[in-house]
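# Close look at the chain arrangement
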Amino acid sequence: MNEPIRLTNKTAIALRRNARKVRAAYRIAACALSAVLAVAGIWLGLSNLLAVPVMVAVIVLMDCVIILHSRSRYLSLLGQAICTEAAAQEIRVGSSEKSRRERAISDLMGMKADLQRAESRREPGVQPFFEQGEQQDGEEEDEDLLPVRAAPRRRRRTGGSLQLIKNEAK
């Protein structure tokens, strides 16, 4: 639990520094108040001996209250620092996700533009290989007249050796 939490955001670092300063200020205030009450206890103890133990009890209670309040303020500011760091990380993740999304959209638009350029360069009446089986301009094509293409060869990995598997459809 004594391991420091790593903060990278400037605001979070400043909040942690401020939390340490607040804790130190409360401790200094507790020491100063204890010293003042000790002097008051000694001065009252000269006239009444019962005032010394009462003042010691008051000093202990005041120190406990101040230290507990100091700890609560320190932890509150430290919690704010941690939340600030988490929010900064979330913003960084969101911005990187947004940039990835924008890059994907620009890549898609580039591919569409390339496809349109390729279609504009194509000679009339020539179809790319992936459109040969599709009907075009309402023309009916007989399936028997379509050219038979050989199936592509596929390689599959079996164990340590490779085999070539041919499709025997004719």
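The rules we used
- Residues numbered from 1 in each chain as written.
- Predicted model: local features only at pLDDT ≥ 70, side-chain atom pairs only at ≥ 80, totals over all residues.
- Heavy atoms only, no water.
- Helix = DSSP H or I, 4+ residues; strand = E, 2+ residues; numbered from the N terminus.
- Buried < 20%, exposed > 50% of the residue type's maximum accessible area, 1.4 Å probe, protein only.
- Contact = heavy atoms within 4.5 Å.
- Patch = residues over 30% accessible without salt bridge, like charges linked within 9 Å, V, L, I, M, F, W, Y side chains within 5 Å.
- Areas by Shrake-Rupley, 256 points an atom, 1.4 Å probe, with all protein chains shown as cover.
- Salt bridge = Lys/Arg side-chain N within 4 Å of Asp/Glu carboxyl O.
- Expected span 1.5 Å × (residues − 1).
- Phe/Tyr/Trp six-rings, centres within 6.5 Å; stacked < 30°, edge-to-face > 60°.
- Lys NZ or Arg CZ within 6 Å of the ring centre and 35° of its normal.
- Core = buried A, V, L, I, M, F, W, Y, C linked by side-chain atoms within 4.5 Å.
- Axes fitted to C-alpha atoms, helices over the stretch in contact; angles between N-to-C directions.
- Parallel < 35°, antiparallel > 145°, perpendicular 65-115°, else oblique.
- Nonpolar A, V, L, I, M, F, W, Y, C, P; charged D, E, K, R; others polar.
- pLDDT = per-residue confidence, 0-100.

## What to know about the overall build of the protein
Of the regular secondary structure elements, the protein holds two helices and two strands. Listing every helix and strand of the protein by position from the N terminus yields α-α-β-β. Taking all 170 residues of the protein together, the buried fraction comes to 15%. Within the protein, counting contacts between residues at least 6 apart in sequence, those at least 24 apart form 52% of the total.

## Topic: a nonpolar patch on the surface
On the surface, Leu49, Val52, Val56 and Val60 cluster together to form a nonpolar patch covering roughly 350 Å² of accessible area. Tracing the sequence through the fold places Val60 in helix α2 (residues 51-121).

## A short note on the side chain of Ser70
Inspection of the secondary structure puts Ser70 in helix α2. Residue Ser70 is classed as buried on the basis of its relative accessible area, which comes to 3%. Ignoring sequence-local partners within four residues, the contact set of Ser70 consists of Arg23 and Tyr26.

## Quick word on α2
For α2, built from 71 residues, the straight-helix expectation of 105 Å at 1.5 Å per residue is met to within 8% by its first-to-last C-alpha distance of 104 Å. Next to the buried residues of α2 lie α1 (10-47).

## Notes on the packing of aromatic side chains
This structure, assessed with the given rule, holds zero aromatic pairs. The ring of Tyr74 has Arg23 sitting right over it, with the charged end atom 4.1 Å from the ring centre.

## So, the nonpolar core
Residues Ala19, Val22, Tyr74, Leu77 and Leu78 constitute the largest nonpolar core, which totals five residues. Breaking this core down by element, the ones donating at least two residues are α1 and α2. Tallying contributions element by element places α2 first for this core, with three residues. If we skip the residues at most four places from it in the chain, Leu78 touches Arg16 and Ala19.

## Some words on the pattern of salt bridges
Evaluation of the coordinates by the stated rule reveals one salt bridge. Here Asp114 and Arg117 are joined by a salt bridge, their closest N and O atoms 2.9 Å apart. Of this pair, Asp114 and Arg117 are both found in helix α2, three residues apart, which corresponds to roughly one turn of the helix. Among the residues examined, Arg117 registers a relative accessible area of 42% and is labelled partly exposed.

## What about the packing of α1 against α2?
Orientation of α1 relative to α2, taken along the N-to-C sense of each, is 175°, at an axis distance of 9 Å. When the axes of α1 and α2 are compared, the pair comes out roughly antiparallel. Class assignment for the residues of the contact of α1 with α2 results in 23 nonpolar, nine polar and seven charged.

## A few points about α1
The terminal C-alpha atoms of α1 lie 56 Å apart, and with 38 residues this matches the ideal 56 Å at 1.5 Å per residue to within 8%. Contacts made by the buried residues of α1 are with α2.

## Quick word on the confidence of the model for the protein
Averaged over the protein, the pLDDT score is 77; the fraction of residues at 70 or greater is 68%. Of all secondary-structure elements in the protein, the lowest mean pLDDT belongs to strand β2 (residues 161-165), at 57, while α1 reaches the highest, 91.

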